[in-house]
Amino acid sequence: MSLTELQHIRLPVVPAERGYSTRVLDRQIAFDSLKAVLGAADISKAGDRVAGLAAVDEITREAARKVLSELTLDHYFQHPLTDRHGHIDSVMQVNYDIDHEVFGEIAPLTLGALKDRLLRSHGTEIRRIGRALTGVMVAALAKLLDVHELILLSKKLKSGAAAKARTLVGLPGTLSSRLQPNHPTDNLSGITLLVYTGLSMGSGDALIGLNPAIDTVDNISATLHHLDKLRRETGAPTQICVLSHIKTQLACLDQGAPVEIMFQSLAGTERTLTDEFDVTVQLLDQAWQTMAERGPLRDVAENFMYFETGQGSELTYGKHEGIDMTTCEALCYGLARRYRPYMVNNVTGFIGPETHLDNFEMTYSCLQDQFMGKLLGLPMGMAPCYTLHSQVTLEGQQMATELLTAAGANFFMDVYLSTDRMLAYFDTSAHDNQTLREVHDLAPAPEYLRWALGKGIFQEDAHGNVERGPNWGNPRIFCQSDIDFQRLLESTPATYGFDNAGPRPANSVSRTVRANLAVAREAIYVDLRPSEIGAIPLRELRTAAPDKLAHLQDPELGARLTEEVLRRLKPEYNDVQIVISDGLSAEAIHHNIPELLPVLLDGLHSRELRIGQPILAPYGRVKLAESVGEALQPQLIIVLIGERPGGDALASRSMSAYLGYRLPDEQARRAAAQFSGNADIRYEYTVISNIYSGGLPPLEGGSLVAEKAFAILHHRAAGNRLENLLKKVAS
């Protein structure tokens, strides 16, 4: 099994840009490009509206769908979507690695005829055709399908979509889960309790996968070894993963850490993938080859890569190349297909209202995503999720999971009580997974089920039907004593009891969760109160966001200062410039800055650094660092910003520090470009997250930010490149 070399992928010659038009009754409607047709054909979504790609009305939308349905597959092949320079980027290039023999059979078909053929076909034939399609073709097809059709075709593709590591995930009659034991400080005791809780509820048969708060080689290695220890001690037949950056995981693998499944987030344009995710296709190829040769499961697993995607990241970063969110997402799947992954997890809804405003936009997008991924041959898991600054709700998320389960989802997430304690968003829980299993008559992966039956987590009735056993939902079964269990409990935030009512949390638990959700959602709409930030003088500068609503729905506005402000500012050439912004939680600023800022300033002054007067910028985003950086010309911009509130009322006070290093000269830019693969790189970022009383206390946070600032300025590097340099120094 090998990868097709990029230079051997057959690509068309890029033709001149052309327009498209059609008539709907007596109205002639024109589109200036294939990208415009694709954008207008989709349902209206917040991200596409912000980008100016959504149709202005229903008639225009149906006209665009008519145009798409009448184009042949060969037309789509011969008209690739190009980047801003008119080139086929590396993500689009990989999408052309298709089965050309099958494509030769179907190339003359119009997209509408392909739709009809697939609806008449069985799963084996649909999968065969899928191998001959690019992401653009699949995205165009998804825009022609209604809800019933999306579910029907996805369901037909359930059979034969299984992927194998220690467990076989995706078999008919099964619903698996990825157990996500995230902790705001990567506390191993807290992680342990969340792993035990998930396992006791029948979760984790697809993966035990943790998103780390601290992405360093030492921390990721320690966490991997700990998860491996828990897996061995419990005997659970599953696999582990820590979802750090792929470069960090490769370094951990070199040091002997059990990197069983290699993870990376993907994007549908090369600029987003490389500039924002610090990844290239060549790096992904290297990781796949390394896992095939040296991965711990190379002799066990048939698949060992794990990717996460979700509509909207390309738009959020302003690097979508004029391509709509659904098509960008399909291009992600075309890239993921190259590596025959064990899992692909779709997290549409994770970003917020700038991409998906409400329940309908999130749900329909998830149905599109599952269909597109499955048609392109991927073992799709779904994570219909939401943040509190969107209008997506728990009820909307639950309706989405019912539809996706009917459509044959391979797995969902298990985030205990739906509240992610580190990432401050809301996902499916073990309660949801088990409820869906009971509603749809499904079971975990067979290897895991045998283990869980032996633990009394599940049991079989006289007819061989699987049901919850006496130990379902009791994490105490994995502890040696009540004292051990209590110690773990004290290390874990947002645990409101383990009482259950059937497969659901008991009412008392649900009421606590929902009350905290209400408090945290309200915190989104609190405005900054400068009088509560402390006595240190600040200069207030305005971003381009005129008000709270515009700030929440269009991230680009908060990423830049107004033109009036920029005209007033002159370069100051300081070593460090601090910027304070509410971001998505003014309360985080009110509760942390009075303690953190004096410690940070004292630490910076102790190294005799030149520090600009701290800036207060309401309605700001992280990339405001670059607008300030270009105007004032400091070496380092430290953005102290409120993060989106989580489900614990206290977590509405969580903030982060983003340290943006403005690469100072050609030598530094060359080094950064060589490390990242991004020839245009100008800034590198280090982030310190979860600064609040329930995570990293603000006093400690101030000291840690100062230490990172020293390291960045001393080594002339930030982010993954800094960590790589520090590792070399330590060794």
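Parameters and conventions
Residues numbered from 1 in each chain as written. Predicted model: local features only at pLDDT ≥ 70, side-chain atom pairs only at ≥ 80, totals over all residues. Heavy atoms only, no water. Axes fitted to C-alpha atoms, helices over the stretch in contact; angles between N-to-C directions. Helix = DSSP H or I, 4+ residues; strand = E, 2+ residues; numbered from the N terminus. Parallel < 35°, antiparallel > 145°, perpendicular 65-115°, else oblique. Left-handed = near helix turned anticlockwise from the far one by under 90°. Contact = heavy atoms within 4.5 Å. Nonpolar A, V, L, I, M, F, W, Y, C, P; charged D, E, K, R; others polar. Pairing = 2+ DSSP bridges. Salt bridge = Lys/Arg side-chain N within 4 Å of Asp/Glu carboxyl O. Buried < 20%, exposed > 50% of the residue type's maximum accessible area, 1.4 Å probe, protein only. Phe/Tyr/Trp six-rings, centres within 6.5 Å; stacked < 30°, edge-to-face > 60°. Lys NZ or Arg CZ within 6 Å of the ring centre and 35° of its normal.

Named according to an unreviewed UniProt entry, the protein chain is Ethanolamine ammonia-lyase originating from Pseudomonas fluorescens.

Draft legend 1. Representation of the packing of helix H9 (residues 135–142) against helix H17 (residues 325–337) within the structure. Two numbers describe how H9 lies on H17: the axes approach to 8 Å, and their chain directions differ by 135°. Between H9 and H17, the crossing angle belongs to the class labelled oblique. Handedness of the crossing formed by H9 with H17: right-handed. Contacts from Gly135, Val136 and Ala139 of H9 reach H17 at Thr326, Thr327, Ala330 and Leu331. Here the contact of H9 with H17 is built from residues that sort into four nonpolar, three polar and no charged.

Draft legend 2. Here's a closer look at the environment of Phe31. Relative to the helices and strands, Phe31 resides in strand S2 (residues 27–31). Sequence spacing of Phe31 and Ser21 is ten residues, and the spatial spacing of their C-alpha atoms is 6.0 Å. Excluding residues within four positions of it along the chain, Phe31 makes contact with Gly19, Tyr20, Ala36, Val37, Ala40, Thr60, Ala63, Ala64 and Val67.

Draft legend 3. Spatial organisation of the sheet that holds strand S6 (residues 207–210). Pairing in this open sheet of four strands is parallel, and the strands run S7-S6-S5-S12 from one edge to the other. Every other strand in the sheet has two partners, leaving strand S7 (240–242) and strand S12 (411–414) as the edge strands with one partner each. Put simply, the sheet's adjacent strands are angled 25° from each other on average, direction ignored. Its contacts with the sheet put helix H12 (residues 217–234) on S6 and S7, and the angle it makes with S7 is roughly 160°.

Draft legend 4. Inspection of unusual backbone geometry at higher detail. Unlike most non-glycine residues, Tyr573 shows phi in positive territory, near 55°. By the element assignment, Tyr573 lies in the loop between helix H26 (563–568) and strand S18 (576–581). Phi angles above zero are rare outside glycine, and Glu608 is one such case at about 60°. Residue placement: Glu608 occurs in the loop between helix H27 (586–606) and strand S19 (615–616).

Draft legend 5. Molecular detail of the pattern of salt bridges. Taken as a whole and judged by the stated rule, the model has 45 salt bridges. The shortest N-O distance in the salt bridge between Glu723 and Lys708 comes to 2.8 Å. Here Glu723, found in helix H31 (residues 719–730), pairs with Lys708, found in helix H30 (residues 698–715); they are 15 residues apart in sequence, far enough to count as distant. Lys708 shares its class with Glu723; the two are buried. When salt bridges with common partners are traced through the structure, they connect Arg166, Asp228, Arg231, Arg232 and Glu260 into a single cluster.

Draft legend 6. Layout of the packing of aromatic side chains. Considering all chains together, one arrives at 15 aromatic pairs under this definition. Centroid distance Phe277 to Tyr317: 6.2 Å. Interplanar angle 85°. Geometry classified as edge-to-face. Of this pair, Phe277 sits in the loop between helix H14 (270–276) and helix H15 (281–294) while Tyr317 is found in the loop between helix H16 (313–316) and H17, placing the two residues 40 residues apart along the sequence. One aromatic cluster in this structure is built from Tyr196, Tyr448, Trp451 and Phe478. Across the ring face of Tyr20, the terminal group of Arg18 is positioned such that the distance to the ring centre comes to 4.1 Å. A cation over a ring is seen here: Arg644 above Phe350, with NZ or CZ 4.1 Å from the ring centre.

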